[in-house]
Amino acid sequence: MGLLSLGTPLKWSEAKEFADHVRSHGIDQFLSIYHKMKDKQKDCLLWGDEVEYIVVSYDEQNKNAKISLRVFEMLAILQKDEQDWLKDPEHVPAPATSWRPEYGRFMLEGTPGSPYGSSLRDLLLVEPNMKLRRELALKTMRPNEVPLTIVSYPRLGCQGEFLDPHHEPNGDACRSLFVPDEIINPHARFPTLTANIRRRRGSKVAINMPIFKDRNTPSPFIDPTIPWDRDIFPEDKEAKEGAAKPDHIYMDAMAFGMGCCCLQITFQACNVTEARRLYDQLVPVGPIMLALTGAAPIYRGYLSDVDCRWNVIASSVDDRTPEERALKPLEHDRFVINKSRYDSVDSYISTGPLFKPKYNDIDLVYDKKIYDKLRSNDIDDQLAKHVSHLFIRDPLVIFKELLDQDDSVSSDHFENIQSTNWQTLRFKPPPPNSNIGWRVEFRSMEIQITDFENTAFAIFIVLLTRAIISFNLNFYIPISKVDENMQNAHKRGAVLNEKFYFRKNVFTKQKPSSRQPSPSTSTSTSNADINGASNGNTPDDDEDQDAYELMTINEIINGKSGGFIGLIPLINSYLNSVNVDIETRCQLSKYLDLISRRADGSLMTAATWMRQFVQNHPAYKHDSVVSQEINYDLMKTIEKISSGELEIPELLGKQ
Ligand code: ADP
Ligand code: MG
Ligand code: MG
Ligand code: MG
């Protein structure tokens, strides 16, 4: 989340009157940026990660691990260096870290102070910077508080004490049966976003994640901790009227989703064409990395049957009306929409030679008027569809003071819609009046317990983009298959048990001069094996039916003999093809090893490890319940793993 504008947010009944105003000026702003920046060339690779933290507050007397609502006191300290620097950038050195608030009042977001550069040596700066962030955050905390990089706080919304300080769940913004408004970032934008999603939808959001059925879990499972008969708000009856499904963990507020932490990577492409190409090539990688980083098996005090967060967030901000969800015939609304605002990418956007129209096989809903306007202003079909698809959504938060803007210098209205379309990839146009180039953000990964793991996944994605560019790789599969992968990625143990569609013929037609990697997994620094090797794949096949197949994550990451070469071998071939010193290469191998071993199952995902921790806990009754006591021990153990005090070789290997 960028810096937040201040002002008076409009209630939904007022905001919707200005929806067309915001959309129409948003498009003018996009056009202005596009035409000013479309020819910008030769931007170098700059990139950065975003790490999100949950601040846990221990109550040692009662052996309880709660979440702390004090992050704004912490942020005031953490942001000081950056504020000083912004005031006097010529004399004050740039800060090493940068901090932002997040949706939850118990969350922090930390990024490097400035983006990393293109040299491979820069990759060695990542882990120390993440460690520094953790250290700095910890310094702002009380002795009983700690920043943990966990995806979801396991007992969010449980009865009794899970918040420090405690508040009863009876707030008007979310009207939740489980969480109070006080857990939301108090900046006006966030309670308004929360309430406007509810108002637009016509009911509270309804999140149902399948419960993990253990031997003592009642069947059917009807959650005894839901206050079924509460009667404070009209929405209270939704749970018993069908919003809460049997055999599921029911959640009814945006905080359950937007209170989850993830690991995002943004990188700058050398121009708009390369950005669009990288965006497309990373689309099929999204679900694979979601499964591989799976670290969120527990919700509202129960073990679930999913390993990751994505669908929780998707449901938590699903503002579609009953008509848009096709529950009623269209009468007041314009479109039936197949997905939440937070979901996987619906269309590829590159017009490069590798793209074929048949890959965009989802029936794309887009705003025809906006599409026409974009087309008549020299935006090509694919980009026009992408933008007019994002713009089927209403702006949810409109600040009265910001309604009228100069569209040639502001991107506020564009960003209003763009930044509330939360997809697996984000194509980020340059901000007006900046020297920032065209960027792509990779958004599907779950945050990991340690800085080592988060570094490994960040670096893996950056190196993969280098391999994609260097070898002109083709990962296209029909986008409907990517969606299928996305759903499979959630399943418990997906990394080892599920298969995913992935392209096996990733090399394009060989021109005599083009460099193609060999399938060698060698990590030597020799350049000998990268020139002109063929791996036996059919080059550029028009018979695309055979171009992809179902593979295990191990096959996708590590390769399959006689089939897909594997993402790690591709990265190793890339590293073999460039000049890299031994020290850097050795360190990079450690990170890549982690990814490789998570994929082949010789190391566990955090989700699997957490499940085992709960199931082996002496207080666990095999009834799916993650009690206060188990949660306390889990948080303490995660803290020790993240600080290096405790080694868990089955999670991280030998360090
Ligand atoms: P958002 O929350 O909108 O995704 P942030 O501003 O929080 O974006 O940060 C995104 C990441 O992009 C940070 O890690 C930052 O270091 C990095 N970054 C900043 N400038 C650039 C740039 N010009 N190119 C690529 N990445 C950048
Ligand atoms: Mg964030
Ligand atoms: Mg951010
Ligand atoms: Mg981001």
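Throughout, a residue's number is its position along its own chain's written sequence, starting from 1. Chain letters start at A and ligand numbers start at 1, both assigned in the order the entries are written. Two thresholds apply to this predicted model, a pLDDT of at least 70 for residue-level local features and 80 or more for giving and counting side-chain atom pairs, whereas whole-chain, interface and lining totals are computed over all residues. Side-chain measures here rest on the full set of heavy atoms in the structure, leaving out hydrogens and waters.

- Under an unreviewed UniProt entry, the name given to the chain is Glutamate--cysteine ligase, and the organism recorded is Mortierella isabellina.
- UniProt positions are given in the numbering used here, feature names are shortened, and annotations may be inferred rather than shown by experiment. Check the Pathway (unreviewed entry) section of the UniProt entry for the chain; it says "Sulfur metabolism; glutathione biosynthesis; glutathione from L-cysteine and L-glutamate: step 1/2."
- Under Catalytic activity (unreviewed entry), UniProt gives the following word-for-word description of the chain: "L-cysteine + L-glutamate + ATP = gamma-L-glutamyl-L-cysteine + ADP + phosphate + H(+)".

### What to know about the side chain of Asp343
Moving on, step 1. Elements are defined by DSSP. Helices are runs of H or I of four residues or more, strands are runs of E of two residues or more, and each kind is numbered from the N terminus. Checked against the element boundaries, Asp343 lands in strand E12 (residues 342–343).
Moving on, step 2. Polar contact criterion, stated in full: a pair of N or O atoms within 3.5 Å, where within protein one must be able to donate a hydrogen and the other to accept it, and residues adjacent in sequence count only if both atoms are side-chain atoms. Here Ser344 takes part through its side chain, which lies 3.5 Å from a polar atom of the side chain of Asp343.
Moving on, step 3. In this analysis, two residues are considered to be in contact whenever any of their non-hydrogen atoms come within 4.5 Å of each other. Look past the residues within four positions of Asp343 in its chain and what remains in contact with it is Trp310, Ala314, Trp422, Gln423 and Thr424.

### Re the pattern of salt bridges
Moving on, step 1. Counted as salt bridges are all cases of a side-chain nitrogen of Lys or Arg within 4 Å of a carboxyl oxygen of Asp or Glu. Following the criterion strictly, the structure yields 45 salt bridges and no others.
Moving on, step 2. With a closest N to O distance of 3.2 Å, Arg100 and Glu82 form a salt bridge. Residue Arg100 is found in strand E3 (residues 97–101), and its partner Glu82 is found in helix H4 (residues 80–87); the two are separated by 18 residues along the sequence.
Moving on, step 3. Of the charged contacts in the structure, one is a salt bridge between Arg611 and Asp307, with a shortest N-O distance of 2.8 Å. Pair noted here: Arg611 is in helix H21 (residues 606–615) and Asp307 is in the loop between strand E11 (302–303) and helix H11 (310–316), with a separation of 304 residues, a long-range link. Taken individually, Arg611 and Asp307 each receive the classification buried, so the pair is uniform in this respect.
Moving on, step 4. One continuous salt-bridge network, built from bridges that share partners, spans Asp20, Arg23, Arg200, Asp319, Glu324, Arg341 and Asp394. Residue burial is assigned from relative accessible area. The probe radius is 1.4 Å, only protein chains are included, and a residue is buried under 20% of its type maximum, exposed over 50%, and partly exposed in between.

### Overview of the domain arrangement of the chain
Often, the extent of an interface is quoted as the loss of accessible area on bringing the components together.
Moving on, step 1. As far as domains go, the chain holds domain 1 (12–442) and domain 2 (474–600).
Moving on, step 2. With centres defined by C-alpha atoms, the gap from domain 1 to domain 2 works out at 29 Å.
Moving on, step 3. Between domain 1 and domain 2, the contact holds 39 residues from the first and 42 residues from the second.
Moving on, step 4. Defined in terms of a 1.4 Å probe, buried area is the accessible area two parts forfeit on being brought together, summed over both. Both sides of the domain 1 and domain 2 interface together cover about 3600 Å² of buried area, and 64% of this is carbon and sulfur.
Moving on, step 5. Its largest share of buried area at the contact with domain 2, domain 1 owes to Leu120, Ile288 and Leu292, together 18% of the area lost on that side.
Moving on, step 6. The interface formed by domain 1 and domain 2 holds 4 salt bridges in total.
Moving on, step 7. The salt bridge involving Asp305 is made with Arg492; its shortest N-O contact spans 2.5 Å.
Moving on, step 8. In this structure, the connection of domain 1 to domain 2 is made through 17 residue pairs in polar contact (both at pLDDT 80 or more).
Moving on, step 9. For the side of domain 1 that touches domain 2, the elements supplying multiple residues, two or more each, are helix H9 (272–282), helix H10 (285–292) and H11.
Moving on, step 10. Per element, the largest residue contribution to the side of domain 1 that touches domain 2 is 6 residues, and it comes from H10.
Moving on, step 11. The residue inventory of the side of domain 1 that touches domain 2, partitioned by class, reads 21 nonpolar, 7 polar and 11 charged. Residue ranges labeled as domains rest on an automatic or database domain assignment. Under the convention adopted here, Pro, Cys and the residues Ala, Val, Leu, Ile, Met, Phe, Trp and Tyr are nonpolar, Asp, Glu, Lys and Arg are charged, and Gly plus all remaining residues are polar.

### Details of the side chain of Arg201
Moving on, step 1. Along the polypeptide, Arg201 turns up in helix H6 (residues 189–201).
Moving on, step 2. A relative accessible area of 8% places Arg201 in the buried class.
Moving on, step 3. Discounting chain neighbours no more than four positions away, the residues touching Arg201 are Ala206, Asp318, Asp319, Arg320, Thr321, Pro322 and Arg325.

### Remarks on H6
Moving on, step 1. What a helix should span is 1.5 Å times the count of its residues minus one. Over its 13 residues, H6 runs 18 Å from end to end, which matches the ideal 18 Å to within 8%, given 1.5 Å per residue.
Moving on, step 2. For H6, the set of buried residues is Arg189, Phe190, Thr192, Leu193, Thr194, Ala195, Asn196, Ile197, Arg198, Arg200 and Arg201.
Moving on, step 3. On its buried side, H6 packs onto helix H1 (12–15) and helix H8 (254–258).
Moving on, step 4. Immediately beyond the C-terminal end of H6, within one or two residues, lies Gly202, with a positive phi of roughly 90 degrees.

### So, the nonpolar core
Moving on, step 1. What is meant by a nonpolar core is a set of buried Ala, Val, Leu, Ile, Met, Phe, Trp, Tyr and Cys residues, joined one to another through side-chain atoms within 4.5 Å. Phe460 and Trp609 are the most contacted members of the largest nonpolar core, which totals 201 residues.
Moving on, step 2. A per-element tally of this core places helix H15 (residues 451–471) first, with 13 residues.
Moving on, step 3. Inspection of this core shows a minimum of three residues originating in each of domain 1 (12–442) and domain 2 (474–600).

### Section: the coordination of the magnesium ion (ligand 2)
Moving on, step 1. Ligation of the magnesium ion (ligand 2) by protein atoms is provided by Glu52 (OE), Glu102 (OE) and Glu109 (OE), these donors lying 2.0 to 2.1 Å from the ion.
Moving on, step 2. Counted as donors are the N, O and S atoms within 2.8 Å of the metal, or 3.2 Å for Na, K and Ca, while water is not among the atoms, so some sites may look incomplete. We note that the donor set of the magnesium ion (ligand 2) lies within a single chain, spaced as E-x49-E-x6-E.
Moving on, step 3. Between the two metals, the magnesium ion (ligand 2) and the magnesium ion (ligand 3), the spacing is 4.2 Å, and Glu109 donates to both. One end of the pair, Glu52, is in strand E1 (residues 47–59); the other, Glu109, is in strand E4 (residues 107–112), with 57 residues separating them in the sequence.

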